[in-house]
Amino acid sequence: MIKWIETTLGDVCDIKHGYAFKGDFITSEKFKNILLTPGNFSIGGGFNSKKFKYYSSDDFPKSYILKEGDLLVSMTDLSKKADTLGYPLKVPNSNEFVYLHNQRLGLVENLNCEKIDKEFLYWLMRTSFYQRYIANGATGSTVKHTSPSRILQFSTFIPEDVEIQREIAGVLSSLDDKIELLQEQNKTLEELAQTIFTETFITNPNSDWKEGVLDDVSDFKNGYPFSSKELSKDKVGIPVLKMGNILKGGGLTLEKFVSYFAGDVSNKISSNFAEKYDILMCMTDMKSSMNLLGHTGIMFEDKKYLVNQRVGIIRPKNGYNYFLSILTNTSEFIENLRGRSNSGVQVNLSTFEIKNSKILIPDEGSMKRFNEKVEPMFEKISANIKQIATLKETRDTLLPKLISGKVKLKGM
């Protein structure tokens, strides 16, 4: 029989504030020092490697250099829902970079290993009931904040036997490891496909290829202008993809939905479904940032998603799926398109400019040979994404039940 004991996080650890690194040295240009920020926390917890900021100086206290496996907690969140506030991440291993402990991030230290396992604590801090406690006590209206004292006051029950904690954490971590392995595999496949694209269409262009525009090889449509009354935050109906689902640097996130459409799908709306291998493009951004304008993400799933206005749907014509998915995400294509956006405070890409983006159209033979090489890669990425979704669902279902003792491991 497992004995569960009540504890606060303050009984088993401390949390240390980060260092106020000087803004003059914070840069987006790659440098050996990576300054971790709240943007490096994934929704639900875990490490997000898509939003790095770098620090171009070595003049800082070396006690704020992080080690592999260090546990950090987000204490600031810019989102309205505070959906990363309080969640943890583990500092990854890296021979290339030095990770720095920035302000507004808490470092878990002085862990009482006789009372709690570090991996168990990590998963405990990824539960929704812990995060709700943090979010409900957050301060600030636009920017949400929490504090070490608030985090350390969180009270819960944990197994008294630390070995039981390790076994629970081991089950959850094994699922996470499989997810990470598949994600790394997809990253490798994407890079390989990009290399083949560059070698085929950039390094060795053919004089027989003709000049054309995007509209010659795809159909384009703007997303549907849903009214606020048609959309709901309740998870009922069909999820609606918005600009926030497109990632800077390319790619889509389908894990975060702000709105759902539960009405009747008329013929007009039905044409705004995103299909597998459709390319979604951000058509609006603020001139001060230009973070997402022109960036694209490819749909790898067969599930139904509607697309909101200001997100363009590029549907490649037969044979151009893989070619356009890579071409539209190249810096040359994006910068050329941005150069033809309007010049207001809010910058927009028009349907006309997107459809008439100039491209070099390869001959049928070159396209066929390219497709034969990359099609297995894209199909493997698609299969991996489905498997990742299943693993995440299993992990997220087990997490609160294992941590709370509602589900017991075999032999316990």
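See above for the structure.
The rules we used
Residues numbered from 1 in each chain as written. Predicted model: local features only at pLDDT ≥ 70, side-chain atom pairs only at ≥ 80, totals over all residues. Heavy atoms only, no water. Helix = DSSP H or I, 4+ residues; strand = E, 2+ residues; numbered from the N terminus. Rg over C-alpha atoms; globule rule 2.2 N^0.38 Å. Contact = heavy atoms within 4.5 Å. Areas by Shrake-Rupley, 256 points an atom, 1.4 Å probe, with all protein chains shown as cover. Lys, Arg positive; Asp, Glu negative; His and termini not counted. Charge placed at Lys NZ, Arg CZ, Asp CG, Glu CD. Pairing = 2+ DSSP bridges. Axes fitted to C-alpha atoms, helices over the stretch in contact; angles between N-to-C directions. 1 Å grid on protein atoms, 1.4 Å probe; cavity = no way out; pocket = protein on both sides within 12 Å on 5 of 7 lines; lining within 4 Å. Points joined across faces, edges and corners; volume = space filled by probe spheres on them. Nonpolar A, V, L, I, M, F, W, Y, C, P; charged D, E, K, R; others polar. Salt bridge = Lys/Arg side-chain N within 4 Å of Asp/Glu carboxyl O. Buried < 20%, exposed > 50% of the residue type's maximum accessible area, 1.4 Å probe, protein only. Phe/Tyr/Trp six-rings, centres within 6.5 Å; stacked < 30°, edge-to-face > 60°. Lys NZ or Arg CZ within 6 Å of the ring centre and 35° of its normal. Polar contact = N/O pair within 3.5 Å; in protein donor to acceptor, adjacent residues only side chain to side chain. Core = buried A, V, L, I, M, F, W, Y, C linked by side-chain atoms within 4.5 Å.

1. Regarding the overall build of the protein
Assigned secondary structure in the protein consists of 10 helices and 25 strands. Taking 22 Å as the expected radius of gyration for a compact globule of 412 residues, we find that the protein reaches 24 Å, a close match to that expectation. Restricting to contacts in the protein with at least 6 residues of sequence separation, those with at least 24 account for 81%. Accessible surface, the protein as shown: approximately 21,200 Å² in total, 49% of it carbon and sulfur. Taken together, the 54 basic and 51 acidic charged side chains of the protein have centroids lying 5 Å from each other.

2. Quick word on the sheet that holds strand S2 (residues 14–17)
Taken together, the four strands give an open sheet; going across it, the order is S2-S10-S6-S8, and neighbouring strands pair in antiparallel fashion. On the outer flanks of this sheet lie S2 and strand S8 (88–90), each paired with one strand and no other. For this sheet the average axis-to-axis angle between neighbouring strands, irrespective of direction, equals 35°. Sheet topology note: the S2/strand S10 (residues 105–109) ladder contains four bridges and is antiparallel. Opposite Asp-14, over in S10, you have Glu-109 as the bridge partner.

3. Describing the layout of surface pockets
Considering only enclosed or pocket space, the second largest pocket measures out at about 310 Å³ in volume. Together, 14 residues line the second largest pocket, and Ile-202, Leu-327, Thr-330, Glu-332 and Leu-360 are the ones closest to its centre. For the lining of the second largest pocket, the elements supplying multiple residues, two or more each, are helix H5 (162–203), helix H7 (321–327), helix H8 (331–338) and strand S25 (358–361). In the lining of the second largest pocket, the residues fall into 10 nonpolar, two polar and two charged.

4. Description of the pattern of salt bridges
Taken as a whole and judged by the stated rule, the model has 15 salt bridges. With a shortest N-O distance of 2.6 Å, Arg-395 and Asp-176 are connected by a salt bridge. Residue Arg-395 is located in helix H10 (residues 364–404), and its partner Asp-176 is located in helix H5; the two are separated by 219 residues in the primary sequence. Judged by its relative accessible area of 8%, Arg-395 falls in the buried class. Arg-340 is the partner of Glu-353 in a salt bridge, and the nearest nitrogen-oxygen pair spans 2.5 Å. Of this pair, Glu-353 sits in helix H9 (residues 351–355) while Arg-340 sits in the loop between H8 and strand S24 (346–348); the two residues are 13 residues apart in sequence, bridging distant segments of the chain. You can call Arg-340 partly exposed: its relative accessible area is 27%. Among the ionic contacts, a cluster of salt bridges with common partners joins Arg-126, Asp-176, Arg-395 and Asp-396.

5. Details of the sheet that holds strand S4 (residues 33–35)
Taking strand neighbours across the sheet as the criterion, the four strands line up as S3-S5-S4-S9 in an open arrangement whose pairing is mixed. This sheet does not close on itself; its edge strands, each paired only once, are strand S3 (26–27) and strand S9 (98–100). Where S4 lies against S9, three bridges are found, and the strand directions are parallel. Bridge pairing in S9 places Ile-34 opposite Tyr-99.

6. Let's talk about the packing of aromatic side chains
Following the criterion strictly, the structure yields 29 aromatic pairs and no others. Taking 6.2 Å as the distance between ring centres and 70° as the angle between the ring planes, the aromatic pair formed by Phe-197 and Phe-370 counts as edge-to-face. Residue Phe-197 is found in helix H5, and its partner Phe-370 is found in helix H10; the two are separated by 173 residues along the sequence. Taking 4.9 Å as the distance between ring centres and 70° as the angle between the ring planes, the aromatic pair formed by Phe-201 and Phe-370 counts as edge-to-face. Note that Phe-201 is positioned in helix H5 and Phe-370 in helix H10, a separation of 169 residues in sequence. Both residues of the pair, Phe-201 and Phe-370, belong to the buried class. Through a chain of ring-to-ring contacts, the aromatic side chains of Tyr-19, Phe-21, Phe-25, Tyr-55, Phe-60 and Tyr-64 assemble into a single cluster. Cation over ring: Lys-16 sits above Tyr-64, and NZ or CZ is 4.5 Å from the ring centre.

7. Here we look at unusual backbone geometry
Of note in this structure, Arg-104 is not a glycine but carries a positive phi near 70°. The topology assignment puts Arg-104 in the loop between S9 and S10. For Asn-110, which is not glycine, the phi dihedral falls at a positive 50°. Considering the arrangement of structural elements, one finds Asn-110 in the loop between S10 and helix H2 (118–124). Among the residues examined, Asn-110 registers a relative accessible area of 55% and is labelled exposed.

8. Concerning the side chain of Ser-259
If you trace the backbone, Ser-259 turns up in the loop between strand S16 (238–241) and strand S17 (260–261). Looking at Ser-259, its side chain comes within polar contact range of the side chain of Lys-242, at 3.0 Å. In contact with Ser-259, not counting residues within four places along its chain, are Leu-231, Ser-232, Ile-238, Pro-239, Val-240 and Lys-242.

9. Details of the nonpolar core
Of all hydrophobic cores here, the largest spans 36 residues; its most connected members are Phe-323, Leu-324, Ile-354, Phe-370 and Phe-378. Going through the elements one at a time, H5, strand S19 (279–282), H7, H8, S25 and H10 are the ones with two or more residues in this core. For this core, the element with the highest residue contribution is H10, accounting for six residues. In this structure Phe-323 touches Phe-197, Phe-201, Leu-360, Pro-362, Met-367 and Phe-370, once residues within four positions along its chain are discounted. Core analysis: the second largest hydrophobic core is formed by 32 residues, Ile-2, Leu-9, Ile-15 and Tyr-130 among them.

10. Notes on the pairing of strand S6 (residues 71–74)
Side chains Leu-71 and Val-73 project from S6 onto one buried face, and the interleaved Leu-72 and Ser-74 project onto a second face that is buried too. Pairing between S6 and S8: three bridges, direction antiparallel. Bridge pairing in S8 links Val-73 to Pro-88. Pairing of S6 with S10, which is carried by three bridges, proceeds in the antiparallel orientation. Pairing of Val-73 across the sheet is with Gly-106, part of S10.

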